[in-house]
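Survey of secondary and tertiary structure
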Amino acid sequence: MSPSGQRHIPVLGRQAIEMLAPRGGGFYVDATFGAGGYSRAILDIPGTRVVGIDRDRSAIAGGFELVDRSDGRLTLVEDRFSNLAEICAAQGAPSVDGVVMDVGVSSMQLDEAARGFSFRLGGPLDMRMGQNGPTAADVIATASEADLANIIYIFGEERHSRQVARAIVAARQEAPIATTRALADIVAKVVRSKPGEIHPATRTFQALRIFVNEELDELQLALVAAERVLKPGGRLVVVSFHSLEDRIVKNFLVERAKSGGGSRHLPEVAQAAPSFQLLTKRPITPDEDEISVNPRARSAKLRAAERTAAVAHTAGALPEWPFLSDIMRGG
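Residues numbered from 1 in each chain as written. Predicted model: local features only at pLDDT ≥ 70, side-chain atom pairs only at ≥ 80, totals over all residues. Heavy atoms only, no water.

Some points on the packing of helix 8 (residues 145-156) against helix 11 (residues 202-212)
To keep things clear, this is the line we draw: Axes here refer to lines fitted to C-alpha atoms; in helices the fit is confined to the stretch in contact. Angles between the N-to-C directions go from 0 to 180 degrees. The helix count covers DSSP runs of H or I at least four residues long, the strand count covers runs of E at least two residues long, and both are numbered beginning at the N terminus. Reported orientations rely on four angle classes, namely roughly parallel under 35 degrees, roughly antiparallel over 145, roughly perpendicular from 65 to 115, and oblique for the rest. Any two residues whose heavy atoms approach within 4.5 Å at even a single point are treated as in contact. Residues are grouped as follows: Ala, Val, Leu, Ile, Met, Phe, Trp, Tyr, Cys and Pro are nonpolar; Asp, Glu, Lys and Arg are charged; all remaining types, including Gly, are polar.
Between helix 8 and helix 11, whose axes approach to 8 Å, the crossing angle comes to 95°. Classed by the angle they form, the pair helix 8 and helix 11 counts as roughly perpendicular. Between helix 8, through Ile151, Ile152, Phe155 and Gly156, and helix 11, the contact on the second element is made entirely by Arg203, Thr204, Gln206, Ala207, Ile210 and Phe211. Residues belonging to the contact of helix 8 with helix 11 are distributed by class as follows: six nonpolar, three polar and one charged.

Thoughts on the sheet that holds strand 4 (residues 96-102)
Hydrogen bonds between backbone groups are what pair the strands of a sheet, and the pairing can be parallel or antiparallel. As a reminder of what qualifies: We treat two strands as partners when DSSP finds at least two bridges between them.
Taken together, seven strands build an open sheet; the order of strands is 3-2-1-4-5-7-6 and the sheet is mixed. Two strands lie at the open edges of the sheet, namely strand 3 (74-78) and strand 6 (276-278), each paired on one side alone. Between one strand and the next, the sheet's axes are offset by a mean angle of 20°, whatever the strand orientation. Two strands pair when backbone bridges link them, and strand 6 and strand 7 (residues 301-307) are joined in this way by three bridges, in the antiparallel orientation. Across the sheet, residue glutamine 277 finds its bridge partner in strand 7, namely glutamate 306. Against the sheet, helix 12 (residues 215-229) touches strand 4, strand 5 (230-240), strand 6 and strand 7, its axis set at about 160° to strand 5.

With respect to unusual backbone geometry
Convention followed: Each residue gets one of three labels from its accessible area relative to the maximum for its type: buried under 20%, exposed over 50%, partly exposed in between, using a 1.4 Å probe on protein chains only.
Within the chain, aspartate 71 stands out as a residue other than glycine whose phi angle is a positive 55°. The residue aspartate 71 is located in the loop between helix 4 (64-69) and strand 3 in this model. The exposed category is assigned to aspartate 71, whose relative accessible area is 70%. Despite not being glycine, methionine 127 shows a phi value in the positive range, around 75°.

Observations regarding the pattern of salt bridges
For clarity, the threshold we go by: Here, a salt bridge means any Lys or Arg side-chain nitrogen found within 4 Å of an Asp or Glu carboxyl oxygen.
Per the stated rule, a full pass over the model turns up 17 salt bridges. Of the charged contacts in the structure, one is a salt bridge between lysine 231 and aspartate 97, with a shortest N-O distance of 3.5 Å. With lysine 231 in strand 5 and aspartate 97 in strand 4, this pair connects stretches of sequence that are 134 residues apart. Assessed through its relative accessible area of 6%, aspartate 97 is described here as buried. In this structure, lysine 301 and aspartate 246 form a salt bridge, with 3.9 Å as the shortest nitrogen-oxygen distance. Taken as a pair, lysine 301 in strand 7 and aspartate 246 in helix 13 (residues 243-257) lie far apart in primary sequence, 55 residues in all. Accessibility expressed as a relative area gives 33% for lysine 301, which makes it partly exposed.

Laid out in structure tokens, this is it:
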């Protein structure tokens, strides 16, 4: 299955595949197909089948060659990974042997100026992973100052969020904010950084990207979906790249792996049996060699767990934070 030329190796790719432990005859979900690194590694195991999911049409198109060489063992689906349970059922595999996710924006998306993800490259203020829905420019033009401040604070963890929101609102009254550089320049006038620190616009761009793509909601829904489709003994492997994502993954797996044992001073409360067994008590992180080759790997964390035979837990409500649909209709 090895393609000609250089293979794309995802961050923590070797460790992710080791944790996934694919075996011949197994059915696996590459929930964030991207450049196909995980799918290639899984397909290297004879007899495996893979469904690759990506909401980015260009990623799906880029995987057609791998589909052609997979002898019918790889199917690509353009969709959100939160829909993975329905996708698997449509592929005749309502239960699977493993799910792997590499969440967040991909290097391919960051490096393409026209996608508008990076403040380092001039381009339209888009940031959409898929091909539909509001752009970052639409959010910037529509959201109130208070909503912008909340979005930038919650999803970007930017402590200067109020000042940034105020500057954005003042600037858009003069002219539409339609490019990445225009927004980056506005933020840089408010947020100061010292040499060696991250670019002043980093957190604001992160916040808008997460918000436009509803990334944290998608992640939580995808984790719940993975719990539903994994067979007993099936494995879930997730690589995340910032604290908000990692916190969601950690909390989900710890909660699902929790077994009885309340306080002896309180009445016993019925608790669902653990649906996962943790494989990583602490996250796996890249070594210095990987970071030196790919500096973007520095913040990556890998967590993994194995599905038990217990029934899936009841899904909780999504957190109370700003929602894209509410903001765009002025709610």
